[in-house]
Amino acid sequence: MQHIRNIAIIAHVDHGKTTLVDCLLKQSGTFRANEAKASEERIMDSMDLEREKGITIRAKNAAFKYKDYHINIVDTPGHADFGGEVERIMNMIDGVLLVVDAAEGPQAQTRFVLRKALEAGAKPIVVINKIDRENANPKKVLDQVFELFISLNATDEQLDFPFVYCSAKAGYAKVDLNDSSTTMGPLFDSIVKHIPPPRAKAGDGFQVLVANLDYSDYLGRIAFGKIMAGKVKVADEAVCLHGHGKVTQGKITMIYHFEGLKRIEVEQAHAGDIVGITGFEDVFIGETIADKPERGALPYIPIDPPTIQMEFAVNDGPLGGQDGKLVTARHIWERLQKEIRTNVALRIKQTDDPKIFEVEGRGEMQIAILVEQMRREGYEVLVSRPEVLYKKDTNGNLLEPIEKLFLEIPQEFMGVIMENLSGRKAEITGMNHHGDQVTIEALIPMRGLIGFETDLVNQTRGLGVMSHLFHEYGPDRGEIAARKNGSLVSMENGQAMAYALNMIQERGRLMVEPGDAIYAGMIVGENARDNDIPVNPCKAKRLTNMRSQGEGKGIQLSPPLKLSLERALEYISSDEYVEATPKNLRLRKKILDETKRKRAEKTRVIKILAE
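Residues numbered from 1 in each chain as written. Predicted model: local features only at pLDDT ≥ 70, side-chain atom pairs only at ≥ 80, totals over all residues. Heavy atoms only, no water.

## Digging into the environment of D273
Part 1: Tracing the sequence through the fold places D273 in the loop between β14 (268-270) and β15 (274-278).
Part 2: C-alpha separation for the pair D273 and T439, spaced 166 residues apart in sequence, amounts to 43 Å.
Part 3: Setting aside residues up to four positions removed in sequence, D273 forms contacts with I4, H70, N72, G225, K226, I227 and H257.
Part 4: A distance of 2.9 Å separates polar atoms of two side chains, one belonging to D273 and the other to H257. (Helix = DSSP H or I, 4+ residues; strand = E, 2+ residues; numbered from the N terminus. Contact = heavy atoms within 4.5 Å. Polar contact = N/O pair within 3.5 Å; in protein donor to acceptor, adjacent residues only side chain to side chain.)

Here you go:
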């Protein structure tokens, strides 16, 4: 046990965690020189979506050998919406590498992940990464990290943290900036020296706290976690102690151990190691597997509650079922149930309408990733605009989730951004000028954040950077004006015609091209004003048998507005859906029929978070 180290790598999004893991795995000799993996980048990002978006979504395990130490390592996401992944792996590790960008310094998410690590009692090593960037200032960033530790009420022992400067991309680390180094050696030595051996007790009995799940078609569910006590062998009798007090008898059918990225089957494992165990079909994250019921369950770490909700509905539009294979309510519900088995930060429930399900999560990005995965698997689904979950205080007053927003923008765009924030009911708490950049801190209702990122990119010409964290439930801030533009809604079924679109584009921006399939109630563009207008994009030009050469030639359509899935979810208003199918993304009204739509007036609906 003295030769095991369990660490997690935590950081703000894009500060170089995954590249650092690559470097540690490669330099520890995990891969042979001629192995294909040895030349790959971002090895840990195994999902297609992670590689495309360049972010980590799921926490993943790997391990490597250094001298005679076995080091288990967990790569965690840096995006605030996937905070649930970070929270649950904290009980699997004993130390963390806190990675901070040498140019940007600690950001919002750095604060969140560090707080979770300190609460779990993990020993931090600060890694100042990207020291070879042109505007890097590692010394200043180290001071900022120290201030961050103080603001999080760290103990004296935690404030005396070891730190290492490195460049994960170039593959070297150093303890002092003046040292010359070409390898990650100093970082390996720091891990072995400063991270304590696992907090676990050897001896009789056996307990594992489940922190991650996977599924194998041959062996069923695989539960990953740290062995807190004793040792375990294949074919041992064991029990699973569930969260609601139920006890399931079972047998250990297989034990996995990590070597590099591979899972290796082993006959037995000892206290302190991180392993995968099969044999229990209904085990969940946070439950305990032990040798007998008398051992008792290990303490369960609660996870922050979700703050937003979206509806997932069966695609009942005229074009439903043309692209996807999995389109019924049963298919969608089974897929959502499969998702919550491994994704603890999501919650799902059925509604009075059998075709509509409610999905609750941390942020629209998290739910957009789920919709994107479902599209790729052949599902068709309608998704509503994100709605915020309210709470009530003891006096029955409404409370809504308030986020802490951190903005970094060029000074010239300050006026327009401040105006935008005031419209979203934000309260500015701090402002800092450095050079021609301004850092703004604000408290903003979560409702006001929906769609803000798009405005920020447009209004600062892509130069603004934002990050946000859940702050608290605060008093309701009242009505926030939604999107300023109405929609151009089709009133016919058919195919979009260039002749008709040419006339419609005078009203606003188009979202469809000639030849696209259209149905009544589908949104074909954005109106320049704030009301919805019914239009007919399928109208063909009437032709006579006497026709001059010049007619019909002068049609020039401006390029249509094509929205990505996340952008579309922010864009739609409360009476609209995004129709996501494997090949298409369409926007439509919830009620397709125009007369029925007029009867159902727009009203503000408030959803209360169920305790």
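## Quick notes on the packing of helix α4 (residues 108-119) against helix α5 (residues 138-151)
Part 1: Relative to each other, α4 and α5 sit at 55°, their axes nearing to 11 Å. Here α5 runs oblique to α4, going by the angle between their axes. Of the two possible hands of crossing, α4 and α5 adopt the one that is right-handed. Every residue of α5 that contacts α4 at T110, R111, L114 and L118 is listed here: L148, F149 and S151.
Part 2: Here the residues of the contact of α4 with α5 sort into four nonpolar, two polar and one charged. (Axes fitted to C-alpha atoms, helices over the stretch in contact; angles between N-to-C directions. Parallel < 35°, antiparallel > 145°, perpendicular 65-115°, else oblique. Left-handed = near helix turned anticlockwise from the far one by under 90°. Nonpolar A, V, L, I, M, F, W, Y, C, P; charged D, E, K, R; others polar.)

## Some points on the sheet that holds strand β30 (residues 523-527)
Part 1: Spatially, the four strands line up as an open sheet ordered β28-β30-β26-β31, and their pairing is mixed. Of all strands in the sheet, those bounded by a partner on one side alone are β28 (508-510) and β31 (533-535). In this sheet, neighbouring strand axes are inclined to one another by 30° on average, regardless of whether the strands run parallel or antiparallel.
Part 2: As defined by bridge partners, strand β26 (residues 487-490) adjoins β31 across three bridges and the pair is classed as parallel. For L488, the partnering residue across the bridge sits in β31 and is I533. (Pairing = 2+ DSSP bridges.)

## Topic: the pattern of salt bridges
Part 1: One pass over the structure, following the stated rule, counts 25 salt bridges.
Part 2: Between E358 and K349 there is a salt bridge; the shortest N-O distance is 3.5 Å.
Part 3: A relative accessible area of 12% means that E358 is categorised as buried.
Part 4: The shortest N-O distance in the salt bridge between R447 and E400 comes to 2.7 Å. Of this pair, R447 sits in helix α11 (residues 446-449) while E400 sits in strand β22 (residues 398-410), placing them 47 residues apart in sequence. The same class applies to R447 and to E400, which are both buried. (Salt bridge = Lys/Arg side-chain N within 4 Å of Asp/Glu carboxyl O. Buried < 20%, exposed > 50% of the residue type's maximum accessible area, 1.4 Å probe, protein only.)

## Some thoughts on the pairing of β30
Part 1: Counting buried residues along β30, five of its five residues qualify, which places the element largely inside the surrounding structure.
Part 2: The sheet contact formed by β26 and β30 spans three bridges and is antiparallel. The residue of β30 that forms the bridge with L488 is G525.
Part 3: Where β28 and β30 come together, three bridges link them in antiparallel fashion. Within β30, the residue paired with R509 across the bridge is E526.

## Some thoughts on the nonpolar core
Nonpolar side chains in soluble globular proteins generally cluster together in the buried interior.
Part 1: L98, I128, V145 and F149 are the most contacted members of the largest nonpolar core, which totals 44 residues.
Part 2: Counting residues per element, the ones that place at least two in this core are β1 (4-11), α3 (83-89), β4 (95-101), α4, β5 (123-129), α5, β9 (220-233) and β12 (254-259).
Part 3: Considering each element in turn, this core owes the most residues, six residues, to α4.
Part 4: L98 has contacts with I10, T110, V113, L114, I125, V126, V127, V145 and F149, leaving out every residue within four places of it along the chain. (Core = buried A, V, L, I, M, F, W, Y, C linked by side-chain atoms within 4.5 Å.)

## Remarks on the confidence of the model for the protein chain
Part 1: For the protein chain, per-residue confidence averages 85 on the pLDDT scale, and residues scoring 70 or more make up 93% of the total.
Part 2: Taking the mean pLDDT of every element in the protein chain, the minimum, 70, falls on strand β34 (residues 607-608) and the maximum, 94, on strand β20 (residues 381-384). (pLDDT = per-residue confidence, 0-100.)

## Quick notes on the sheet that holds β1
Part 1: Strand order in the open sheet made by the seven strands is β2-β3-β1-β4-β5-β6-β7, with mixed pairing throughout. Strands at the two margins of the open sheet, each flanked by one partner only, are β2 (60-66) and β7 (172-174). For this sheet the average axis-to-axis angle between neighbouring strands, irrespective of direction, equals 30°.
Part 2: One ladder, built from three bridges, connects β5 with strand β6 (residues 163-167); its direction is parallel. Looking at β6, one finds that V127 is bridged to V164.
Part 3: Packed onto the sheet, α5 meets β4, β5 and β6 and runs at close to 150° relative to β5.

## Brief notes about the packing of helix α8 (residues 329-342) against helix α9 (residues 364-376)
Part 1: Orientation of α8 relative to α9, taken along the N-to-C sense of each, is 125°, at an axis distance of 12 Å. In terms of their interaxial angle, α8 and α9 are classed as oblique. When you trace α8 past α9, the crossing you get is right-handed. Across from I332, R335, L336 and E339 in α8, the residues of α9 making contact are L370, Q373 and M374.

## Examining unusual backbone geometry
Part 1: Here the phi dihedral of K425 falls at roughly 65°; this positive angle occurs in a residue that is not glycine.
Part 2: Located in the positive-phi region is R461, a residue other than glycine, with phi close to 55°.
Part 3: Inspection of the secondary structure assignment puts R461 in the loop between α12 (452-459) and β25 (465-475).

## Comments concerning α4
Part 1: Here α4 contains twelve residues, and its C-alpha end-to-end distance of 17 Å stays within 8% of the 16 Å for a straight helix at 1.5 Å per residue.
Part 2: Most of α4 is tucked away: nine of the twelve residues are buried.
Part 3: For α4, every residue scored as buried is listed here: A108, Q109, T110, F112, V113, L114, K116, A117 and L118. (Expected span 1.5 Å × (residues − 1).)

## Digging into the packing of aromatic side chains
The geometry of an aromatic ring pair is captured by two quantities: the separation of the ring centres and the angle between the planes.
Part 1: If you walk through the whole model with that rule in mind, you get eight aromatic pairs.
Part 2: An angle of 70° between the planes, with centres 5.8 Å apart, marks the rings of F163 and Y165 as edge-to-face.
Part 3: Take F163: its relative accessible area is 31%, and that puts it in the partly exposed class.
Part 4: With a relative accessible area of 2%, Y165 lands in the buried category.
Part 5: Each ring, one from W333 and one from F357, has its centre 5.2 Å from the other, and the planes form 35°; the classification is tilted. Within this pair, whereas W333 is found in helix α8, its partner F357 is found in strand β19 (residues 356-361), the two being separated by 24 residues in sequence.
Part 6: A relative accessible area of 2% places F357 in the buried class.
Part 7: An aromatic cluster is present here, built from F64, Y66 and F188 joined pairwise through their rings. (Phe/Tyr/Trp six-rings, centres within 6.5 Å; stacked < 30°, edge-to-face > 60°.)

## Examining the side chain of E570
Part 1: By secondary structure assignment, the location of E570 is in helix α14 (residues 565-571).
Part 2: Buried and unpaired, E570 has R567 as its nearest opposite-charge partner, separated by 5.1 Å.
Part 3: A polar atom in the side chain of E570 sits 2.8 Å from the side chain of T454.
Part 4: Residues within four places of E570 in sequence aside, it is in contact with E364, R385, I450, G451 and T454. (Lys, Arg positive; Asp, Glu negative; His and termini not counted.)

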